Amino acid sequence: VAMSEVDLSHYNLLPKITADAGYKYRTSEDGTSINGSSSITSERSHITANLDVTWNVLDFGISYIRGKQQLDLALIVEERRRQVVHNIVKEVRAAFWRVVAVEQSLPELNILMGQVDGALASSEQLMEEGLGNRSDHLVYQRELLETLSQLEVTKRDMLAARVNLAALMNVRPDSHFTLAVDNETKWLPLLFPFSIDEAEHLALRQRTELRAEAYQTRVYARESKVAILRMLPGLSFTGGINYDSDYNLINSNWGSMGIPLTWNLMHIFKLSVLFIGTH
């Protein structure tokens, strides 16, 4: 969408083409009176049509700068997209290795939970047989129940890791899949091809937030140029073809052209305020 807006901004560089047609009617004739004699200069009703082409040099310059700004805004959006992709890759990588750790640790966790259940059952049996101090058994059983509760929470988190990885891979949560892991090298540290200084330089250069701010700075700088250009006079080139069905006209069809120069004098005061604020 952002790149489409950049393409649309290019059309602002083209001249403006205006087509106009209409029907005119007046309640009385239009004419002149000289020395007691009158003449009709136009019909009471007639049809007009014209096609005009206008190209303003100032608008062209402003539209060119606006196009550059729109391109920078599209680059900012691209940096946001790159950040989203980076976050997804990071989440998938973390979820992948979390599931690898779960698949290795879950059997041992189940064994540990079974041992805790066995210890809890043994303590209850000893308490029923009257062996040992009853309060000591109750304290021990409470600690075992707290440990069992923590193990169940850990197991639930482990099982949720696989569901999270399935969601990141865009597969059904109940889908069966096997992770391709080399058991001989999975615990080896990854080789880092950069030094610390190179890594810091690369991280700063590729950081999406900093790159987006750099593009935004260029947008602000070009906005100041647009403000200055608006204070200049505008030179336009116009041309067109015209038609009028009024039979009083000598020529019903004619062409026209002009080079008008317009300048809003109030911009002079804006320019003076700008210079005062700058100094």
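Residues numbered from 1 in each chain as written. Predicted model: local features only at pLDDT ≥ 70, side-chain atom pairs only at ≥ 80, totals over all residues. Heavy atoms only, no water.

**Student:** Summarise helix α1 (residues 2-10); cite the residues concerned and give the values.
**Tutor:** Since one α-helical turn is 3.6 residues long, residues separated by three or four positions face the same way. Within α1 the residues assigned to the buried category are Ala-2, Val-6 and Ser-9. The arc that holds every buried residue of α1, seen down its axis, measures 60 degrees, which confines them to one face. Residues of α1 that are buried in the fold lie against α2 (57-128). (Buried < 20%, exposed > 50% of the residue type's maximum accessible area, 1.4 Å probe, protein only. Helix = DSSP H or I, 4+ residues; strand = E, 2+ residues; numbered from the N terminus. Arc of directions from axis to C-beta. Contact = heavy atoms within 4.5 Å.)

**Student:** Account for the side chain of Thr-208, naming residues and giving values.
**Tutor:** Structurally, Thr-208 can be placed in helix α5 (residues 208-229). Taking the relative accessible area as the measure of exposure, Thr-208 reaches 8% and is therefore buried. Each residue touching Thr-208, except ones within four places of it in the same chain, is listed here: Glu-79, Arg-82 and Gln-83.

**Student:** Please provide a residue-by-residue account of the pattern of salt bridges, values included.
**Tutor:** Within this structure, the stated rule accounts for seven salt bridges. Across the pair Asp-72 and Arg-218 runs a salt bridge, and its minimum N-O distance is 2.6 Å. Taken together, the positions of Asp-72 in helix α2 and Arg-218 in helix α5 put the pair 146 residues apart, joining distant regions of the chain. Accessibility expressed as a relative area gives 3% for Asp-72, which makes it buried. Among the residues examined, Arg-218 registers a relative accessible area of 39% and is labelled partly exposed. (Salt bridge = Lys/Arg side-chain N within 4 Å of Asp/Glu carboxyl O.)

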